[in-house]
Amino acid sequence: MDLRIFTEPQQGATYDTLLAVAKATEDLGFDAFFRSDHYLRMGSADGLPGPTDAWITLAGLARETKRIRLGTLMTAGTFRLPGVLAIQVAQVDQMSGGRVELGLGAGWFEDEHKAYGIPFPKEKFARLEEQLAIVTGLWGTEVGQTFSHDGKHYQLTDSPALPKPAQAKVPVLIGGHGAKRTPRLAAQYADEFNIPFASVEDSERQFGRVRAAAEQAGRKGGDLVYSSALVVCVGKDDAEVARRAAAIGRDVDDLKANGLAGSPAEVVDKIGRYEAIGASRIYLQCLDLADLDHLEIISSQVQSQLS
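Reading the values: rules and limits
Just so you know, the residues in each chain are numbered from 1, in the order the chain's sequence is written. The predicted nature of this model means local features are confined to residues of pLDDT at least 70 and side-chain atom pairs, given and counted, to a pLDDT of 80 or more, with totals for whole chains, interfaces and linings taken over all residues. In computing side-chain properties, one takes all heavy atoms of the structure into account and sets aside hydrogens as well as water. We call a residue buried when its accessible area falls under 20% of the maximum for its residue type, exposed when it is over 50%, and partly exposed in between, using a 1.4 Å probe and counting protein chains only. The numbering of helices and of strands both runs from the N terminus, where a helix is a DSSP run of H or I of at least 4 residues and a strand a run of E of at least 2. Strand pairing follows a simple DSSP-based rule, namely that at least 2 bridges must link the two strands. The axes are straight lines fitted to the C-alpha atoms, using for helices just the contacting stretch, and the angles between their N-to-C directions are given from 0 to 180°. Angle categories are assigned with fixed cut-offs, so that under 35 degrees is roughly parallel, over 145 is roughly antiparallel, 65 to 115 is roughly perpendicular, and the rest are oblique. By definition, turning the near helix anticlockwise from the far helix through less than a right angle yields a left-handed crossing, and turning it clockwise yields a right-handed one. Any two residues whose heavy atoms approach within 4.5 Å at even a single point are treated as in contact. The nonpolar class holds Ala, Val, Leu, Ile, Met, Phe, Trp, Tyr, Cys and Pro. Asp, Glu, Lys and Arg form the charged class, and all remaining residues, Gly among them, are polar. Note on terminology: pairs of cysteine sulfur atoms within 2.5 Å are recorded as disulfides. Counting rule applied: Lys, Arg positive; Asp, Glu negative; His and chain ends not counted. Salt bridges are defined as contacts in which a side-chain nitrogen from Lys or Arg sits within 4 Å of a carboxyl oxygen from Asp or Glu. Pairing of N or O atoms within 3.5 Å defines a polar contact, subject to two protein rules: one partner must be a possible hydrogen donor and the other a possible acceptor, and residues neighboring in sequence count only if both atoms are side-chain atoms. Two rings from Phe, Tyr or Trp (for Trp, the six-membered ring) form a pair when their centres are within 6.5 Å of each other. A pair whose planes differ by under 30 degrees is stacked, one over 60 is edge-to-face, and the rest are tilted. The term nonpolar core refers to a set of buried residues drawn from Ala, Val, Leu, Ile, Met, Phe, Trp, Tyr and Cys, joined through side-chain atoms within 4.5 Å.

(A) Geometry of the pairing of strand β6 (residues 147–150). Because side chains alternate across β6, one face comprises the buried residues Phe147 and His149, and the other comprises Ser148 and Asp150, none of which is buried. Taking the residues between adjacent antiparallel strands as the criterion, β6 and strand β7 (residues 155–159) are bridged by 4 residues.

Written out as structure tokens, the structure reads:
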């Protein structure tokens, strides 16, 4: 079971804070550092000192880390033109020595678009499908050849399809709860399917839909990595769990029901339930980025048992 650290910097974080978390992620033996791609806080957080850009952040971390994978859950398809995104991700992959993964989603948070003057189209899923075709098509075009795309939303003509990522293939993550279109898109383009903040039962149903869609598309269902994203709140005793829950404004019982919360033994047991339905990777949503001791206890008392 791979454990990855997943951050939500729009809630309030500087680059230096994210760097400290990424370095702790690496030093403590976690598999990867991922971040959201949002420009506006959610809920009651103050969001100070303001948003950081996902791919600028990852470019910096690419030069300041050595081992961990780096990526997004999920890059918003509304924020960047697909040709530009392909260049950005390829460059960050080169800067990291081939450690980047691209989670790409349709984009959903309308308020952040209004706040920063970003168009928020009504039809987003069809755009996402074209974006995936373009990004993977640009990367997959041989050097010396050109790539063209004539779609409803995007047109590319004789693109040199450069630069290329350092990896022969940048892993692409697709995720969500949709019962029909999402599994079909994952079957066509994804190396990994991620379901965020879902129960074991709902995750099992969605994994099954994706496996079936993959087989219908001529792939083996097991060709994809299946992963979950869950909020995490671990403590050595009830008091520490309660303190960490209060720091992120959450109720302990809710966290235990809908996330990974409690003692290390409780969390290991809950992770085992996800592993039993096919998840081989968990993204641990860490909301208090100043609490590096939280990462240490997860590493020493949860991750150590899983390995």
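Additional details are given in the paragraphs that follow.
(B) Main features of unusual backbone geometry. Cis geometry is found at the peptide bond from Leu48 to Pro49, where omega equals 10°. One can find Pro49 in the loop between β2 (32–35) and α2 (54–64). Cis peptide bonds are those with omega within 30 degrees of zero, and the linkage from Leu73 to Met74 qualifies with -20°. Among the secondary structure elements, Met74 is positioned in the loop between β3 (69–72) and β4 (75–76). In the Ramachandran plot, Asp158 falls in the positive-phi region, its phi being about 50° despite a non-glycine side chain. In this structure, Asp158 sits in strand β7. The exposed category is assigned to Asp158, whose relative accessible area is 53%.

(C) Geometry of the packing of helix α1 (residues 15–27) against α2. At a minimum axis distance of 10 Å, the contact between α1 and α2 shows a crossing angle of 45°. If you check the angle between α1 and α2, you find them oblique. Considering how the two elements wind past one another, α1 and α2 form a crossing that is right-handed. The residues of α2 that touch α1, namely those facing Tyr15, Leu18, Leu19, Ala22 and Lys23, are Thr57, Gly60, Leu61 and Glu64. A class-by-class count of the residues in the contact of α1 with α2 yields 5 nonpolar, 2 polar and 2 charged.

(D) Inspection of the environment of Ala190 at higher detail. For Ala190, the location among the structural elements is in the loop between α6 (181–189) and β9 (192–196). Judged by its relative accessible area of 1%, Ala190 is buried.

(E) A look at the side chain of Thr75. Structurally, the position occupied by Thr75 is in strand β4. In this structure Thr75 comes out as buried when scored by relative accessible area, which is 0%. Beyond its immediate sequence surroundings of up to four residues, Thr75 is in contact with Asp37, Trp55, Arg80, Leu85, Leu102, Gly103, Leu104 and Gly105.

(F) Just the state of the cysteines, in detail. Under the defined criterion, the tally for this structure stands at 0 disulfides. Looking at Cys233, it has no disulfide partner, and the nearest cysteine sulfur is the one in Cys286, 10 Å off.

(G) Up close: the side chain of Arg99. By the element assignment, Arg99 lies in the loop between α3 (82–96) and β5 (100–105). The side chain of Arg99 sits in the buried core without any salt bridge; Glu26 is the nearest counter-charge, 4.6 Å away. A distance of 2.7 Å separates the side chain of Arg99 from the backbone oxygen of Ile68, its partner in a polar contact.

(H) View of the pattern of salt bridges. One pass over the full model with this rule turns up 18 salt bridges. Its salt-bridge partner being Asp37, residue Arg80 comes within 2.7 Å of it at the nearest N-O pair. Of this pair, Arg80 sits in the loop between β4 and α3 while Asp37 is found in the loop between β2 and α2, placing the two residues 43 residues apart along the sequence. This pair shows no difference in class: Arg80 is buried, exactly as Asp37 is. A salt bridge links Lys256 to Glu266, with the nearest nitrogen and oxygen atoms 3.3 Å apart.

(I) Expanded view of the packing of aromatic side chains. Inspection of every chain in the model, using the stated rule, returns 6 aromatic pairs. On the basis of an interplanar angle of 70° and a centroid distance of 5.0 Å, the ring pair of Phe34 and Tyr283 is categorised as edge-to-face. With Phe34 in strand β2 and Tyr283 in strand β12 (residues 281–286), the pair connects residues that are 249 residues apart, well separated along the chain. On the basis of relative accessible area, Tyr283 is assigned to the buried category, the value being 0%. Three or more aromatic residues joined by ring pairs form one cluster here, namely Tyr39, Phe79 and Tyr116.

(J) View of the nonpolar core. Counting 73 residues, the largest nonpolar core has Phe33, Trp55, Leu102, Trp139, Leu284 and Ile298 as its most contacted members. Examining the composition of this core, we find that 7 residues originate from one element, helix α5 (residues 125–140), more than from any other. Among the nonpolar cores identified, the runner-up in size contains 7 residues, and Ala32, Phe34, Ala229 and Tyr283 belong to it.

(K) Spotlight on the environment of Ala279. Considering the arrangement of structural elements, one finds Ala279 in the loop between α10 (264–276) and β12. A sequence separation of 278 residues divides Ala279 from Met1, and the C-alpha atoms of the two residues are 8.0 Å apart. Apart from residues lying up to four places away in sequence, Ala279 is in contact with Met1, Phe207, Tyr226, Ser228 and Tyr274.

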